[in-house]
Amino acid sequence: MQIKNLKVTDKFWQRYRELIVKEVLPYQWKVMNDEADINIADDPQKNGQAKNSHAIANLKIAAGKMKGHHYGFPFQDTDVYKWLEAAAYTLKYHPNDDLKKITDKLIDLIADAQDEDGYLSTYFQIDAPTRKFKRLQQSHELYTMGHYIEAGVAYYQVTGSQKSLTIAEKMADCIAHHFGKEESKIHGVDGHPEIELALARLYEVTNNRQYLELAHYFLQTRGQDPDFFNRQNIADGIDRDLIANMQGFPKEYYLTDSPIEEQQAPHGHAVRVVYLCTGMAYVARHTHDKKLLAACDRFWNDIVKRQMYITGNIGQTTTGESFTYDYDLPNDTDYGETCASVGMSFFANQMLKIKARGEYGDVLEKELFNGALAGMSLDGKHFFYVNPLEADPQASKWNPGKSHILTHRAEWFGCACCPSNLARLIASVDRYIYVVNDDLVLSHQFIANDTELDNGAKIVQTSNFPWAGDIHYNIVPGKSSFKFGIRIPSWSPSFKLMVNGKPYTKVDNDGFVYFKIDDEVLNIDLELDMNAKYMVASNRVKADFGKVAVQRGPLVYAAEEVDNQKPLWTAKILTDQKSTLQYEPDLLNGVVTISVPVEREELAGINDALYQPLPTEIPTTKTELKMIPYYAWANRENGTMQVWFNKK
Ligand code: FUB
Ligand code: ZN
């Protein structure tokens with residue numbers, strides 16, 4: 001069985017998806033054409049202030065339509081490809097002739113920029129043609145082509161454009177010509193995984209097994225020859241780094257220290273890790289490679305159970321945008337790159353396609369509503385690269401160890417990987433609602449929609465999620481029967497289910513409750529527990545020890561200075577008292593705010609001495625802390641923000 005039609009009707013996500021059409025795509029297109037009058041922030045890795053994007057100009061130069069040099073990162077093309085992918089998804093839910101003209105022309109430009117043999121990476125074509133595939137640790141050539149392949153596949157799927165698919169196939173054929181087991185070929189991988197998942201996607205639309213096998217080859221080759229990059233760097237010229245300092249990172253950073261099947265936990269660059277995991281999961285699903293599947297499980301468990309922030313953000317350190325070690329989850333130096341949350345969403349979605357386990361849906365939901373979504377402002381024109389759980393403009397300004405943390409979203413970055421990555425996730429959220437496998441349909445996300453399956457069955461899901469937890473399904477059977485599973489989120493261990501007006505008492509199985517859809521219309525009412533909860537972290541997490549965070553449904557909450565008395569850190573949450581909820585339609589596009597009872601130490605209560613013996617009494621006041629959903633922070637005045645609070 002397959003999904004024939006799916007229309008997102010969800011109020012929360014439709015607003016975002018329309019924002020992508022009306023604001024995000026036009027804005028990003030202008031930026032990439034260097035037509036926006038904006039201030040490009042230095043990116044968190046301090047690569048310096050960029051003068052513009054130049055991403056479209058690079059393609060024009062490679063296509064011979066403009067003169068000049070390449071500008072930006074060697075992977076600058078990927079901003080355009082991720083944008084194109086996002087645009088493709090929107091054309092499905094919001095047909096738009098003007099946009100279609102732009103994207104068709106863009107496909108023409110990309111085809112013109114592509115070399116005869118299928119190669120396309122404008123930096124190398126324009127300024128370093130003799131160095132193609134010679135410095136794979138840093139070149140991002142396969143990463144860049146992988147992003148086009150993803151975009152080309154999406155564009156083909158939505159519009160039927162054969163041209164967009166042909167470009168992708170030519171690229172993959174070019175890569176297959178240069179890489180592989182044969183003696184004459186390169187036996188190495190790209191420093192940044194991406195091509196693996198892209199080739200698997202290309203296989204899914206073309207059915208050409210060669211692409212799947214090439215993806216498999218890259219996964220099996222990774223880490224087999226740990227000295228490969230070093231040898232290439234020496235041969236290419238040891239001092240000729242394409243990206244400053246990239247040579248200094250250890251092999252673990254590139255996940256090339258040992259074969260994947262021997263790697264126990266992710267220690268490297270967070271986005272690389274989750275793109276690799278997504279590729280592994282795609283290929284494992286199609287090839288049934290047990291070793292790859294075991295690696296997916298190992299990496300999943302380590303990331304989710306030991307290295308993930310409560311918001312779903314991953315990658316604890318700015319040094320190399322990397323993972324650190326288990327339970328090390330500092331809140332105020334956190335990196336939590338938006339792309340890493342987007343990549344984690346891909347990984348979770350792939351795992352759901354392999355196994356019907358609720359935890360994959362839980363993590364996907366966590367990313368969609370928190371870690372990833374926080375990457376964009378409510379106006380769709382400002383973006384976070386780094387997503388901390390505690391921020392202070394003063395610390396960002398004066399403490400170099402926290403200077404990667406912005407307290408307001410930027411208009412763009414010199415390294416602009418995140419903005420269009422998030423756009424493509426939001427524009428394709430319809431692909432993250434159900435998993436359909438043979439005669440099984442898993443409803444793993446609560447995003448209201450009208451769906452038709454290819455057996456004629458119809459599913460209507462309605463709700464006012466994430467503000468309310470009443471989810472209604474109307475399921476009209478089709479020509480063949482199937483099993484329908486609804487995820488019971490881990491944040492709602494207690495729930496009520498009614499089926500055709502009668503209580504349904506089945507317990508969940510690995511996070512899903514199942515129904516047989518035969519010949520009877522089913523009306524299912526699921527009532528989830530939407531009480532605000534005080535959450536604690538494992539006491540192995542030093543940074544959160546003695547603290548609580550507030551969560552309601554999938555949404556993690558944050559307190560901002562603009563709503564509260566300064567400083568935030570003197571507030572201790574009175575966990576024996578209940579918080580109160582209020583829906584505020586005019587705040588931040590309409591949010592449920594939570595007022596949390598707190599006790600505050602009065603600053604003046606302790607005299608001005610920096611240190612003193614503990615006073616017998618410190619004056620306190622009882623008050624309330626107003627909290628908003630984390631994704632919506634930094635949309636008003638610049639100020640401090642905090643997720644975890646001391647508990648009383
Ligand atoms: O290296 C390409 C992209 O740039 C990565 O995925 C991001 O983390 C950023 O470093
Ligand atoms: Zn990014």
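Participant: Explain the overall build of the chain here, please?
Facilitator: Helix and strand counts for the chain come out as 17 helices and 21 strands. Overall, the chain is about 75 × 70 × 50 Å in size when its C-alpha atoms are taken along their principal axes. Accessible surface computed for the chain: about 25400 Å², of which carbon and sulfur atoms make up 49%.

Participant: So what exactly am I meant to see when it comes to the coordination of the zinc ion (ligand 2) here?
Facilitator: Tetrahedral coordination by four donors puts the ideal angle at the metal at 109.5 degrees, and octahedral coordination by six puts it at 90 or 180 degrees. Coordination sphere of the zinc ion (ligand 2), protein contribution only: Glu337 (OE), Cys339 (SG), Cys417 (SG) and Cys418 (SG), at 2.0 to 2.3 Å. Around the zinc ion (ligand 2) sit 4 donor atoms; with metal-centred angles ranging over 97 to 117 degrees, the donor geometry is tetrahedral.

Participant: Quick question: what am I supposed to make of the site of ligand 1 here?
Facilitator: Around ligand 1, the surrounding shell consists of Phe75, His140, Tyr143, His192, His269, Val271, Arg272, Glu321, Glu337, Tyr385, Cys415 and Cys417. His269 has a polar side-chain atom sitting 2.9 Å from an oxygen atom of ligand 1. Bound to the protein, ligand 1 loses 94% of the 270 Å² it would expose on its own. Of the residues assigned to the shell around ligand 1, the class counts are 6 nonpolar, 3 polar and 3 charged.

Participant: Would you mind showing me how to read the pattern of salt bridges here?
Facilitator: Note that side chains of opposite charge can pair when their charged atoms are close. If you walk through the whole model with that rule in mind, you get 37 salt bridges. In this structure, the salt-bridge partner of Arg306 is Asp302, at a minimum N-O distance of 3.0 Å. Within this pair, Arg306 and its partner Asp302 are both found in helix H13 (residues 290-306), separated by 4 residues, close to a single helical turn. We note a salt bridge from Lys533 to Asp529, for which the minimum N-O separation is 3.1 Å. Three or more residues are tied together by salt bridges with common partners; here these are Arg131, Arg135, Asp236, Arg240 and Asp241.

Participant: Is there a simple way to think about the nonpolar core in this case?
Facilitator: A general trend in soluble globular proteins is that nonpolar side chains are found buried together. Core analysis: the biggest nonpolar cluster contains 217 residues, and Trp13 and Phe484 have the highest contact counts within it. The element best represented in this core is helix H12 (residues 270-287), accounting for 12 residues. Other than its neighbours up to four places away in sequence, Phe484 contacts Tyr434, Val441, Ser443, Ile459, Tyr473, Ile475, Val513, Tyr514, Phe515 and Ile517.

Participant: Got a minute to help me understand the packing of aromatic side chains in this structure?
Facilitator: The geometry of an aromatic ring pair is captured by two quantities: the separation of the ring centres and the angle between the planes. Evaluated as defined, the whole model comprises 35 aromatic pairs. Aromatic side chains Trp13 and Tyr16 sit 6.0 Å apart centroid to centroid with 45 degrees between the ring planes, which places their arrangement in the tilted category. With a gap of 3 residues between them, Trp13 and Tyr16 both fall in helix H1 (residues 11-32), about one helical turn apart. Judged by relative accessible area, Trp13 falls into the buried class, the value being 1%. An angle of 70 degrees between the planes, with centres 5.4 Å apart, marks the rings of Phe446 and Phe465 as edge-to-face. Here Phe465 lies in the loop between strand S6 (458-462) and strand S7 (470-476) and Phe446 lies in the loop between strand S4 (440-443) and strand S5 (449-453), a separation of 19 residues in the sequence.

Participant: It is not clear to me how helix H14 (residues 338-354) should be interpreted in this structure. Could you clarify?
Facilitator: Since the α-helix turns once every 3.6 residues, residues separated by three or four places project in the same direction. End to end, H14 covers 25 Å across 17 residues, agreeing with the expected 24 Å (1.5 Å per residue, within 8%). Counting buried positions along H14 yields 15 of 17 residues, so the element is predominantly enclosed.

Participant: Hey, could you run me through the packing of H13 against helix H15 (residues 358-371) in this one?
Facilitator: Working note: a packed helix pair is described by the angle between its axes plus the distance between those axes. Relative orientation of the contacting elements H13 and H15 amounts to 50 degrees, with a least axis distance of 12 Å. In this view, H13 runs oblique relative to H15, as classed from their interaxial angle. For the element pair H13 and H15, the recorded crossing hand is left-handed. Two secondary-structure elements touch here, H13 through Asp297, Trp300, Val304 and Lys305 and H15 through Glu359, Tyr360 and Val363.

Participant: Would you explain the sheet that holds S7 in this entry?
Facilitator: Backbone-to-backbone hydrogen bonds join strands into a sheet, with any given pair of strands oriented parallel or antiparallel. One open sheet accounts for 7 strands, arranged S1-S5-S6-S7-S12-S9-S10; its pairing is antiparallel. The sheet is open, and its two edges are formed by strand S1 (3-8) and strand S10 (502-503), each paired on a single side. Bridge count for S7 against strand S12 (residues 522-528) is 6 bridges, and the pairing is antiparallel. Pairing of Ile471 across the sheet is with Leu526, part of S12.

Participant: Would you explain the packing of H12 against H13 in this entry?
Facilitator: It is at 9 Å that the axes of H12 and H13 come closest, and there the two elements cross at 145 degrees. Regarding H12 and H13, the two cross each other, and that crossing is left-handed. Two secondary-structure elements touch here, H12 through Val273, Val274, Cys277, Met280, Ala281, Val283 and Ala284 and H13 through Leu292, Leu293, Ala295, Cys296, Phe299 and Ile303.

Conventions and cut-offs
Residues numbered from 1 in each chain as written. Chains lettered and ligands numbered in written order. Predicted model: local features only at pLDDT ≥ 70, side-chain atom pairs only at ≥ 80, totals over all residues. Heavy atoms only, no water. Helix = DSSP H or I, 4+ residues; strand = E, 2+ residues; numbered from the N terminus. Areas by Shrake-Rupley, 256 points an atom, 1.4 Å probe, with all protein chains shown as cover. Donors = N, O, S within 2.8 Å, 3.2 Å for Na, K, Ca; no water. Tetrahedral: all angles 85-135°; square planar, octahedral: opposite > 155°, others 65-115°. Near = heavy atom within 4 Å. Polar contact = N/O pair within 3.5 Å; in protein donor to acceptor, adjacent residues only side chain to side chain. Nonpolar A, V, L, I, M, F, W, Y, C, P; charged D, E, K, R; others polar. Salt bridge = Lys/Arg side-chain N within 4 Å of Asp/Glu carboxyl O. Core = buried A, V, L, I, M, F, W, Y, C linked by side-chain atoms within 4.5 Å. Buried < 20%, exposed > 50% of the residue type's maximum accessible area, 1.4 Å probe, protein only. Contact = heavy atoms within 4.5 Å. Phe/Tyr/Trp six-rings, centres within 6.5 Å; stacked < 30°, edge-to-face > 60°. Expected span 1.5 Å × (residues − 1). Axes fitted to C-alpha atoms, helices over the stretch in contact; angles between N-to-C directions. Parallel < 35°, antiparallel > 145°, perpendicular 65-115°, else oblique. Left-handed = near helix turned anticlockwise from the far one by under 90°. Pairing = 2+ DSSP bridges.

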